[in-house]
Every structure is written in structure tokens, then in C-alpha cells.
Amino acid sequence: MLSENCYDVTKYPVGNPYDDIGAVINSIIADIKSRQTVSDQNDGGKPGAVIYVPPGDYRLATQVVIDVSYLKIVGSGHGFTSSSIRFNTPAHEAARWHEVWPGGSRMLVDISPDAADGEAAGAAFYVKRTGNPRISSVEFADFCIDGLHFISDGSEQNDPENTYKNGKTGIYVGSANDSFRITGMGLIYLEHGVIVYDADALAIDNNFIAECGNCIELKGMGQASRIANNFVGAGYRGHSIYAENYGGILVSSNNVFPRGASSVYFSGVVRSSLTGNRFHSFYPGMLVFAANCCENLVSSNHFLRDREPWAPMQKYDNGLDDLFGLLQIDGSNNSIIANHISETIGTEYVKPAGVKPVIINVVSGISNYIANNHIVATAEISHTNDAPNSACFSTQVGALLSISNLKELEVTAVLVQKGSVRNIVLDSGNDEQVEMDKTKNAFRGTPVPGKNGELSI
Amino acid sequence: MLSENCYDVTKYPVGNPYDDIGAVINSIIADIKSRQTVSDQNDGGKPGAVIYVPPGDYRLATQVVIDVSYLKIVGSGHGFTSSSIRFNTPAHEAARWHEVWPGGSRMLVDISPDAADGEAAGAAFYVKRTGNPRISSVEFADFCIDGLHFISDGSEQNDPENTYKNGKTGIYVGSANDSFRITGMGLIYLEHGVIVYDADALAIDNNFIAECGNCIELKGMGQASRIANNFVGAGYRGHSIYAENYGGILVSSNNVFPRGASSVYFSGVVRSSLTGNRFHSFYPGMLVFAANCCENLVSSNHFLRDREPWAPMQKYDNGLDDLFGLLQIDGSNNSIIANHISETIGTEYVKPAGVKPVIINVVSGISNYIANNHIVATAEISHTNDAPNSACFSTQVGALLSISNLKELEVTAVLVQKGSVRNIVLDSGNDEQVEMDKTKNAFRGTPVPGKNGELSI
Amino acid sequence: MLSENCYDVTKYPVGNPYDDIGAVINSIIADIKSRQTVSDQNDGGKPGAVIYVPPGDYRLATQVVIDVSYLKIVGSGHGFTSSSIRFNTPAHEAARWHEVWPGGSRMLVDISPDAADGEAAGAAFYVKRTGNPRISSVEFADFCIDGLHFISDGSEQNDPENTYKNGKTGIYVGSANDSFRITGMGLIYLEHGVIVYDADALAIDNNFIAECGNCIELKGMGQASRIANNFVGAGYRGHSIYAENYGGILVSSNNVFPRGASSVYFSGVVRSSLTGNRFHSFYPGMLVFAANCCENLVSSNHFLRDREPWAPMQKYDNGLDDLFGLLQIDGSNNSIIANHISETIGTEYVKPAGVKPVIINVVSGISNYIANNHIVATAEISHTNDAPNSACFSTQVGALLSISNLKELEVTAVLVQKGSVRNIVLDSGNDEQVEMDKTKNAFRGTPVPGKNGELSI
């Protein structure tokens, strides 16, 4: 027999978790609240509970509403597999596949929200509590939330499974919260993976959040949180990691893969860090600092931008051209230090045609410090890809490993727009590659091989 | 039925875990030892056990003494919430709170040690074994240790819950040990969170150790350990991360928040790394290398120091003035590279009044390498804070996000004391901001915007 | 009663897990396959399962063959202890030890493969599946795989337990795979810890893989994987971390200890990152980029090379001399930025005698960017070590903490071989320490203390 604060959705006497795990979990939460009623009894009283979800396919027809602290929902498998490859594989091929759906401890989100009801309406898990204190230490771990299908976006493409739209959200935290943990999860085919408002000391670690419209979105305002060691990759319309009005975020050691309109989009974020991440994108704007982001550190990251190699997705992009900046910075006193940035793209794909792509574009703000970034820009020799759609893996890896047949590509390594001054640009491009008013900013060009010697002392 | 090496404290026939989980766990350990008696039987013999602690409130009146290897104690919830906010909220407000105590799998430490008996006497978990081999692979995971209250420190303040004193320690490892793991824990309101002597290959990862007098302390001597991905924040008297006489420590991707007399204090630590952390402090001395720390790497960290914004704590600090150095370095051959350092403080709060705060203070040792650090110093325009004490979160985030109304603050970016020579300081401050004997050290100033051009080649 | 997709090896009705856990797990896998037969039923059908391994000693006589997705095998203890110290301790001492074997949820690998059958034949776990899709989301967590003994390598040493040879592999993934996770494991005394072919989005995190011939090997080709937060340390013959033909790997925050012929060996790896690691080695060649590794980032790492201090291992090394390079780079467009590199070795141990050791050796390729590395080279004053073999810990820590009695050692900080051009070397050694054709590469020497002043502007 389980302890009274340990629940197993398959053993709970109310509801059928295979038909609607949402109703079962809501009933469990009601049970917890009916048993833990006193806020201060013998120095305790409301320790919360753990709800276990064994491996299995569970439909979720009713939204789970969480308003108790110290609730942990845990499975035994993040269960990710690529639904994107599957839906772009001809049906007759997929019919022979070993399996076609994600697995593990998997919830199938059956909620079909009206778009007018907003993101919360389409959430599998909706956390919200009024009053004090902030809801604390809710934990999601090691299970899978699968949105199943994307739907038509009304465009002419008639390509519903590639729209990244379905109005579904995996986890939506709608009120101020403290010390939450989201770890080891698998989130897939959701328009929004995780949305958290007003977080304090939130941990989003070691998850697999991919093939979602947007992956991780921190909204409202918040502080002192960590997004680390995740595999993340949004659709071409959305952001892999988004935050607004947060301070003290640490985004570290994530492997962020395409597509993602942006790998990271910060709006009004300050005093935060992006360190030790690997970012891979198919479009410009892979890192955007908007709305006066200040005093942030971007260091020791690997940025790679190349062209979409997989046929089914080559018709989509994020709409930005190569003058936007691979990194675009609006803000002051930021530090961009010791990053490697690779851009490799056939000159025929540069937009507008014939321009020099901009790598780091400082569009406004002052006193940014851009030092010791190594920018490698190459032009791919065009090649035809006639691989079948199901061969996504070999197509992608083949593209990634293509380092022969490259020639140098001329780029603007750093562009500082006219309104931005007092920036310091060091060893991140030579005199010809850095475009700015060198009387209003400070500059030391990367020494050019063959023109050397003067500086050794 | 559980396997014989799997225990659940709520199912064990001896003792009552709600009254004294310490006695129950000690009885379980005795049972393990009575069953696993032969050190070498069929190539095994002492595999250890796992003890599960379901969510609940468990008093711990008897110290747990661990002297067997391969023991794992695991719960289902770190259960952190802020007791500090709660104890600084008027009782009539807190009476309406949903809950007032931490939760999850929570142990309430009832031990009331005599200070004269030392730190081990007040430990909830005391690990010690004589003889060989070193005790190995003890694991603590996913539960909460709560010291409940701080007590009067005898001062005139009469502010007992804010003293960070109670003689209690969460986990105390008193003898040489190998391959321990402390992960996913919540430690709160303890004078010492974790103290480990003589560690080898210790992992302290993904914990939430806050509102403790000191959080993580590595003592004695040791090597090759990791402190990563934690949320940590000590009281104004103690250290968030402390180590002495260790080599090869990796402190990485932690989000270390105030207060903490120091975010990191190293004494005689060598050949170790602080990389990719986010440090936030309210006082000088946020990083201290004392007693000849050598060959350490400090890189890709974000340091922020501002002023305590929360009224109940504004009367406390760590006693250091702004000439101490935000980072103080005693030692040789250290590397401080590619960090972002922000200091923002109203000039009226600078101590001694009128001085230029020192950011990096090299007090002794030789041949340190300080390069590519971006130091942003600003003066906050003073503002009155009339928020209620319960509004800690909005007060903190409001302060953190304040990036308008800032003016530049003059600081000494790097100060190398007279006795220290052969240091190399590059691009970490301009000629006026770096104070040292430039004939005995090496220096290249950060180029100054508007005085530029000469160096581009 | 457990849910049908939750298995416990000690409760399963077929076989005896203590005699052969391999046969039991294979029977469980057969049961899963017999129950989950339809690939697309009600939007699901093959969610997989979890197999729990309680703490205990389990012999593994039959290789486990995994060909189902979403299988998680999980224990309650990685159970590492040093078998190397134990086997180098005199038997009469070890006879008094508390325990002599690793523990936790421990599998004793009894497979004795014929070397001619290859690495897969000696694997405890062999994952392989033909057809589509790639096998996905298999997870190994929190248990121990122990190879028990090494065996004679036929050499004259007659030192079988120190050969790092036994033909055994812990986990061998032989076909293309997606979103696998290997976390919290303890792997010991295996010739190969983990070998994974053709991985996509593989996570190898928080493991303890040591005293293995080789620890982590990524083979075939693959992408977008992460090796993070591990303790790793191979034998003198093998590699701690090896990869070939991968792109987009993130190797981050690992604590890699000796020995290891290489800490990291990359062959034809591109667009990958090594950031925030702590590497410790006893030999040259601790980082090797071979076979045209391109566009990789090596930053914020701490490298330490000193001499083997432990008597039983002092007769072994990796056969390389000090001209090989502590880091050897074959490839183009790599970035080596903001690392700390310490080498400390008595001059009498330098090979060939009298040479200046090479720290970073660029042997071929073009346009590498080597900047802001702090290289600390010191000569240890020789001392005799008369500690008993069982005192491995104090011997190692004593050596690690030895920072007095050091004198400066002359080294070639950076050597660029003749065939390699257009490299950029900045602030990583002074003019005398960097050896390359300065007309074909670019160079700015680290300013030399006492010769300074010209560059401050």
C-alpha cells in the first residue's frame, strides 16, 4: 500500500486515467486539499504529495488545475520521438514503422481550446493561486506531454502538421511562484511548451522540449531562475527560449537546435547570463535582445547558422533577412565575450541578394562590450538534396559535417548603428569587418594574418 | 512488498517516523548492517539500500548516524518555500496564508545542540566511519531538511528569526569520503546546510540551499568535486559556497543569490574552476580567494552587486567596506577571464563615504591573469521603498530591473596592491580605472571610446 | 501491485535476477513486446515500460538486448567505489576493509567475450534495431555496471588488474538512435563504459564513469548531443571522452580526472563545444583534435597536467612525449578562448630530456583563433613518495595542493606547425613563448610584466 501522500494515477479509485488523466489528477488534488487543511499544525500541515504516472498512453481531456504547493507529478519516461519526421514521411512508409507515437509516461492532450480563450485555456496543466504566499515547489518530472497534431493555419500551404499551431500548451503557470522545478520532461507538438509568469528561483533543467511552436517562455516579471542542460528546438514561428522583464536568469549548457525563429529572445531582460550553450539555427535573428536589455553576459556559447537542409521545411523561415543580424542587440552595458559564431550559407540564399550578412548588430543602447568573439563565415557550395523525407537524420548530419567545399564569405562581423555609442569592440573582426563610428565607440581589430608584428611586446 | 533493500520510513515496523524519523532511519541502518555482514561474498556482499521518505512532515529528534556505503535516502519533494518572508510578515497577515511551512518530504530538525559540542552535534545527518576504505556513494536526494527557526544571537536587535543562528546542520560528513551525491535537496533555516570534510569526487548538484547561515562548506582537504546547478543563498553572516584546501573543484552554473557574506569564499584552494555562475550579492567581498589560492579559473561568470532592497534586512550586512574589493584575490597564477561584473549602488551608501569602490582587489601573490572582464559601475538614484515586508518578491525584482535612472559610478576596476607583482591586466578597465605599479605588472587598458583608432591593424 | 508497465527485477516471475539479471530483463522485454503489439492504436500503442533494479548484487551472465523504444532501466544507487585502490592494496589490508566491492543497484558483468567478436559481444547492454524509426528514448539511470576485474594483457608486467582490458562494455548502442538518456550511472572496471553509434540528441549527464579503459565513446556519426556534469576518468590506454564525425556536441561542466590517454579525443568532429570543464591529466595529449576537426569552441576550461603521484601507476603512461602538445589541434577555424592551462612537472621527467614542453600544438589546418588563454608552467621540485598504495587519496590530494616549491618552467605556449597558416594567436603567450611563422599567421603577445606601458590608451 502506498503512503497516503503518494498517489498512482492507475490505482486511484476515481476516474479512468487512460480516458482522462486530467480528471483523475484533479480528483487527487481535491483529495490532498481535503486531507491537508490546517496551515500551521505541529510546525507543518501541508506537505503536499507526489503523483506517479507509470509508462502508458493517457488521454488528457480535462485541464489539470494546480493550486497547492509541494505537488510533484512524476513519470518514468520523457518518451520523445520525432513526430515531425513521422508526419513528413509518406503514410505507406510509416505504416511499416515499429512505432509512430511518442511514449514513456505520456499524456495525449485532447483539449481543443478556442483561440480567443488565450494560452491558458489550451494548457494541459494550469497552475494558479491567488493570495499569499506564492505557490511554491510544484515539480513536473520525467513524463511526456504530447499535443498530437498541429492544425491548419488557414494558409495556402495546406500543410497542417508543419504549422506549429494547435492552441495547446503543456504547462502554464499563471501566478507568481517560487522554487518550481520542471525536469526531465518531454514536450512535443504543443504550440507552447512551458509558459511561466512571475517566477522566482525556477529551474527548467534536463528537459527535451522540441517540435513545439515555442518551447520555454518566461513572462510577466521574475528573477533568479535557471534554464540549463535542456534540449530545445522550436518551430520556425516561435522562440526556443523567450523571457521578458526578468533579472538574474542563467541560461546555461543548453543544446538548442533548429528551427526556432529565435534560439533566444529576450525582451527587457537584465543582469542575466547566456553561457556555455550550443545554439544552432537556420535563420538570422537567432539571438535577439529587444526592448533595452541591459548588463547581460553572453559568453562561451557556440552559435551556428546554416541553411535548412531538410526538404519539407525548406519553404519556411522566420521572415528575417541577413541584414537583421545573426545576433541583434538593443540595450546597454551588455557583454558578448569569447563566443564562437559560425555562419555558413550559399551566397545564392543570402537575402537581400548580394548583401553582406550582418553577424552582430547593435541597434541601440550604449556601452556594450564585445570582445574575443571568433566569427567564421563561409559560403557553402550549393548541392542538390535528393534524400527522402524520412532520412531527416542523415540529411541533417550530412549538412552539419560539411566542412569541405567551403569558401570564405564576406560578412559584417559587427555593425553598430548610428544611434549607439560608447561601445567597445575588441578582437571580434578586423577593420574592414567592423562597421561603426570609430570616433564614438572604441575599437581594436582582430590582427590580420600577414599584417602582423607591431603589437608583440 | 518492497525488496529487502528498499525501505519506506512510513512502513518500517520500528518507531514512528512522524515523531522521530531519525530513530527510524538509524534502526533501518542497523537492519542493513545486520543483514549485510560479509565484505566479500560471491563478488559482492554489501550493496547498501535505499530509504524512501514519502511527502510528509517528519520530526527528527535523534541524529541519524550513517556508517555504511551505498546508502541512498530519497524523497519526493525538496519542498522549499521562503521562511524568511514568512517570519518577516506580520502574524495577522500570515494567519491568512495558504501554508506557512516548507513541505515535500520534509524533516523538521528538533535537535538543540549545545554550541560547545560543535557543528557535528547539531547535524540532522552525521556521516562518519573510521578504517578503510573511505565511505562511498552515500546519496541524499529530493527531500527537505528544515531547521524551523533561528534563535537569538544575544545582540540588541531582538530579531531572532533573522540571526541565521541555531546550531543546526543539515548534512555533516565528518570523515574521508568518495563519490557522494547530494542532489535535488531543499535545505532551509539551518545554520549550516552541508558540511563535507575530505571529499573526493563529491557531487552537489541541483539543490535548493537557501536561507541558511552557510550553504555549502567543503572542509579539511579534498579533490575533484563538483558544485553545479544549485540555487544557493546564505545569510549575511556566512558563505554561500566555502572551500578550504581543495584542488580540482568545479563550481559551475549555480545561481547564487543574496545575501551571503560571500557568494564564494576559497581558502587555500588551488587548480579549481568557477565558471558560468550567476552571482548576486548585496555586499563587497562577494568572491574571496584567501590564504594563497593558486591556479584557479574564474570565467564566464555574471557578478552583480547592488544594495539590499528589502526593509527587514537593510540593517544587516557583512561588515566590509567598498575598499575591500568586490572580488578579493590572495594568491598566484589565477585566471580571471571573460566575466561580467555589475556594481550599482547609490553614492550615499558607499563606505567609507566618498571613496571609489574597488572591484577586483589583488592583495598578494604574483602572476595573476585578469583579462577581458567587463565592469559596469553605476550609481542608483536613491528612492524610498515603502513596500510591505511581505512584498519581498516584487521589491527584489523591482530593484533588479531598475536600469533607468542610473549614472556612471567611478570605481577602481582593478587594484593590485604593492606587494603583488608580475600580474597581467588586459582589457578590464582603462588606464585611469586600473591602479597598480605598471612597471612591475603588465597592463593593456580597455580602449576608451572616442580615443580610438591607433590599435586597429 | 505494480502497474503493468512497471517491472521490478526481483518480483518478475521468470528467472533469478541474482544469478542472471540479463535473462530476467530480456524476458521482461519480450513481455513488453508481447503486450504492446500495435504501432498506432487510439493515438498510441507502444509506450514502453520501466524496469526497476533495487539495491543488490546481480550477476549478469546473459547480454541484455534492447530493441524497444521508451524503455527505462533504473536503480537506486550508482554504487561507485574505487576498485583500483582496492586491487592495489595488499590482500591482508583489504581483508580488514568494511567492503571491497562497488554497491548500489549493481550488475556484475560475467560475460567473457572472445576479443574477435568485437566490442558489442562483450556488452552488458546491447541496443540495436533495424528499420524505422530510429529507436528512441531508451533511458539508463542510477545503477551500477561493474566489470569486476581486468585481465592480463600478455605483457611482462603481470599486473592484470591494472591493464584496463577485459573485453567488457557497459552500454553499447549499435544502431541510429534518438533522445536517449544515460544519467546517474556508475560504470567501473569495464574496458569500454559507454559506446554509442549514430546518436541524435543523446544526453550523457551526471554519471560516474571511472576506472574504465575508455569511458564515453561516440562513434559512427551523429549530432546535437550533450555530455555534461559527469565524473569521468579512463585508464592510461584509452580516452575519457571520444567522438568521431559528430557535429553539435556540447561537452560541458564535466570533471574529468586522470588517467586517460586523452581527456578528450575528437576525430573529424565539427561545430561542437567544450566549455566549463575541469580536465586533469598525467600525460601530454590531454586534448586531441584529429582528422580535421573544424569550427569547434574550447572555452572556459581548466586544464591541469602534472605527474602521476601514485606509485602503482607510475610505470604506465600513454607513450606520448612533451613535444606532442598538451593540446594538439588538427583542423581549421577552431576557437580556443579563455582557458586556464597549468602544467607542472619536474624537469627530470620531461621527455625527450631537455626539451621545452609544447602546450598548444597546431599541427595542421588554418584560421584557428587562440586567444586569452592563461598558461602556467611550473617545475615541481622532486620529492620522494613513500606512501603506502592504499593511501591513494592523500597522495593525490597532496600532489594537487603542492603549489609551493614551484619554479617557472620554460614551455612553448603555442606552436603552429609550418603547414598551418592564417591562425590568430592573441594574449596566450609572449613573443618568446609562441613559435610560428608570424608573417603567415597573426599574433599579439601577452604583454610582459616590466616591459609595459605602450599599449594603454
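Model, not experiment: these values are computed from the prediction.

### Some remarks on the interface of chain A and chain B
1) Next: The interface is formed by 94 residues belonging to chain A together with 80 residues belonging to chain B.
2) Next: In this assembly, chain A packs against chain B so that about 6,600 Å² is buried in total across both faces, 54% of it on carbon and sulfur atoms.
3) Next: At the boundary of chain A with chain B, the tally comes to 5 salt bridges.
4) Next: Linking chain A with chain B are 39 residue pairs in polar contact (both at pLDDT 80 or more).
5) Next: If you tally residues by element for the side of chain A that touches chain B, the top one is strand β43 (residues 442-444) of chain A, at 3 residues.
6) Next: Looking at the side of chain A that touches chain B residue by residue, the class counts come to 32 nonpolar, 41 polar and 21 charged.

### Comments concerning the relation of the copies chain C and chain A
1) Next: With an RMSD of 0.0 Å, the fit of chain C onto chain A corresponds to turning through 120° and sliding 0.0 Å along the axis. Here the symmetry operator amounts to a three-fold rotation axis.
2) Next: Of the residues that chain C buries at the interface, just 12% are likewise interface residues in chain A, meaning the two copies contact each other through different surfaces.

### A few points about the pairing of strand β27 (residues 262-267) of chain C
On any regular strand, side chains alternate: one points to one face of the sheet, the next to the other face.
Residue and element names in this part refer to chain C.
1) Next: The element β27 is largely enclosed, with a buried count of 5 among its 6 residues.
2) Next: Relative to β27, strand β23 (residues 239-244) runs parallel, the two sharing 5 bridges. Paired with E244 across the bridge in β27 is S267.
3) Next: Across 4 bridges, β27 lies against strand β30 (residues 287-290) in parallel orientation. Bridge pairing links F266 to F289 in β30.

### Quick look at helix α1 (residues 17-35) of chain C
Because each turn of an α-helix spans 3.6 residues, side chains separated by three or four positions end up pointing in the same direction.
Residues and elements named next belong to chain C.
1) Next: With 19 residues, α1 should reach 27 Å at 1.5 Å per residue; the first-to-last C-alpha distance of 22 Å falls well below that figure.
2) Next: Its maximal kink placed at A23, α1 deviates by approximately 45°.
3) Next: All of the buried residues along α1 are P17, D20, I21, G22, V24, I25, S27, I28, I29 and I32.
4) Next: The N-terminus of α1 is capped by N16, whose side-chain oxygen sits 2.8 Å from the backbone nitrogen of Y18.

### Some points on the sheet that holds strand β11 (residues 169-173) of chain C
Residue and element names in this part refer to chain C.
1) Next: Across the sheet, which stays open at both edges, the 12 strands sit in the order β4-β7-β11-β15-β19-β23-β27-β30-β33-β36-β40-β42 with parallel pairing between neighbours. At either end of the open sheet lies a strand with only one pairing partner, and these are β4 (64-66) and β42 (434-435).
2) Next: Pairing of strand β36 (residues 358-364) with strand β40 (residues 412-416), which is carried by 4 bridges, proceeds in the parallel orientation. Considered in β40, the bridge of I360 is made with V414.
3) Next: Docked against the sheet, α1 engages β4 and β7 (123-127), running at close to 25° with respect to β4.

### Some points on the relation of the copies chain A and chain B
1) Next: Rotating chain A by 120° and moving it 0.0 Å along the rotation axis overlays it on chain B with an RMSD of 0.0 Å.
2) Next: Looking at chain A, a mere 11% of its interface residues are interface residues in chain B too, so the copies touch through different faces.

### With respect to the sheet that holds strand β3 (residues 56-60) of chain B
1) Next: Overall, mixed pairing links the 12 strands, which are arranged β3-β6-β10-β14-β18-β22-β26-β29-β32-β35-β38-β39 (chain B) in an open sheet. Of all the strands in the sheet, just β3 and β39 (406-408) of chain B have a single pairing partner and so form its edges.

### Concerning the pattern of salt bridges
Between side chains of opposite charge, a pair can form when the charged atoms approach closely.
Residue and element names in this part refer to chain A.
1) Next: Taken as a whole and judged by the stated rule, the model has 80 salt bridges over all chains.
2) Next: The partner of E343 in a salt bridge is R305, with the nearest N and O atoms 3.4 Å apart. Taken together, the positions of E343 in strand β35 (residues 340-344) and R305 in strand β32 (residues 302-305) put the pair 38 residues apart, joining distant regions of the chain.
3) Next: One salt bridge in this structure joins R444 and D427, with 2.8 Å as the shortest N-O distance. Taken together, the residues R444 in strand β43 and D427 in the loop between β41 (424-426) and β42 (434-435) connect sequence positions 17 residues apart. Residues R444 and D427 agree in their burial class; the two are buried.

### A word on the interface of chain C and chain A
1) Next: In this assembly, 95 residues from chain C lie in contact with 80 residues from chain A.
2) Next: Around 6,600 Å² of area is buried between chain C and chain A when both sides are counted, 54% of it from carbon and sulfur atoms.
3) Next: Notably, a salt bridge pairs R129 of chain C with E99 of chain A, separated by 2.9 Å at the nearest N-O pair.
4) Next: Counting every contact that joins chain C to chain A gives 39 residue pairs in polar contact (both at pLDDT 80 or more).
5) Next: Take the side of chain C that touches chain A: its biggest share by element is 3 residues, from strand β43 (residues 442-444) of chain C.
6) Next: When grouped by side-chain class, the residues that make up the side of chain C that touches chain A number 32 nonpolar, 42 polar and 21 charged.

### Section: the packing of aromatic side chains
Residue and element names in this part refer to chain A.
1) Next: The final tally for this structure, using the stated rule, is 57 aromatic pairs over all chains.
2) Next: An angle of 75° between the planes, with centres 5.4 Å apart, marks the rings of F125 and F140 as edge-to-face. Highlighted residues: F125 in strand β7 (residues 123-127) and F140 in strand β9 (residues 139-141), separated in sequence by 15 residues. Take F125 and F140: they sit in the same class, and that class is buried.

Parameters and conventions
- Along every chain, residues carry numbers that run from 1 in the direction the sequence is written.
- Chains and ligands are labelled sequentially in the order written, the chains with letters from A and the ligands with numbers from 1.
- Totals for whole chains, interfaces and linings use every residue, but because this is a predicted model, local features are given only for residues with pLDDT of at least 70 and side-chain atom pairs only at 80 or more, for both listing and counting.
- For side-chain calculations, the full set of non-hydrogen atoms in the structure is used, while hydrogens and water are omitted.
- Two residues form a contact once any of their heavy atoms are found within 4.5 Å.
- The buried area of a pairing is the accessible area, by a 1.4 Å probe, that goes missing from both parts when the two are put together, added over both.
- Take a side-chain nitrogen of Lys or Arg and a carboxyl oxygen of Asp or Glu: if they are within 4 Å of each other, that pair is a salt bridge.
- Under this definition, polar contacts are N or O atom pairs within 3.5 Å; protein pairs additionally need one hydrogen-donor-capable and one acceptor-capable atom, and for neighbouring residues in sequence, both atoms have to be side-chain atoms.
- Helix and strand assignments come from DSSP, with helices taken as H or I runs of at least 4 residues and strands as E runs of at least 2, each series counted from the N terminus.
- When residues are sorted by character, Ala, Val, Leu, Ile, Met, Phe, Trp, Tyr, Cys and Pro go into the nonpolar class, Asp, Glu, Lys and Arg into the charged class, and all the rest, Gly among them, into the polar class.
- Least-squares fitting of one copy onto the other uses the C-alpha atoms of those residues that reach a pLDDT of at least 70 in both copies.
- In this scheme, a residue with accessible area under 20% of its type's maximum is buried, one over 50% is exposed, and one in between is partly exposed, where area comes from a 1.4 Å probe on protein chains only.
- Two strands form a pair only when DSSP identifies at least two bridges running between them.
- What a helix is expected to span follows from its residue count: subtract one and scale by 1.5 Å.
- Values of bend correspond, residue by residue, to the angle between axes fitted over the seven residues ending at that residue and the seven starting there.
- Working convention: axes come from line fits to C-alpha atoms, limited for helices to the stretch in contact. Angles between N-to-C directions cover 0 to 180 degrees.
- A pair of Phe, Tyr and Trp rings is counted when the ring centres sit within 6.5 Å of each other, with Trp represented by its six-membered ring. The angle between the planes then sorts it: under 30 degrees is stacked, over 60 is edge-to-face, the rest tilted.

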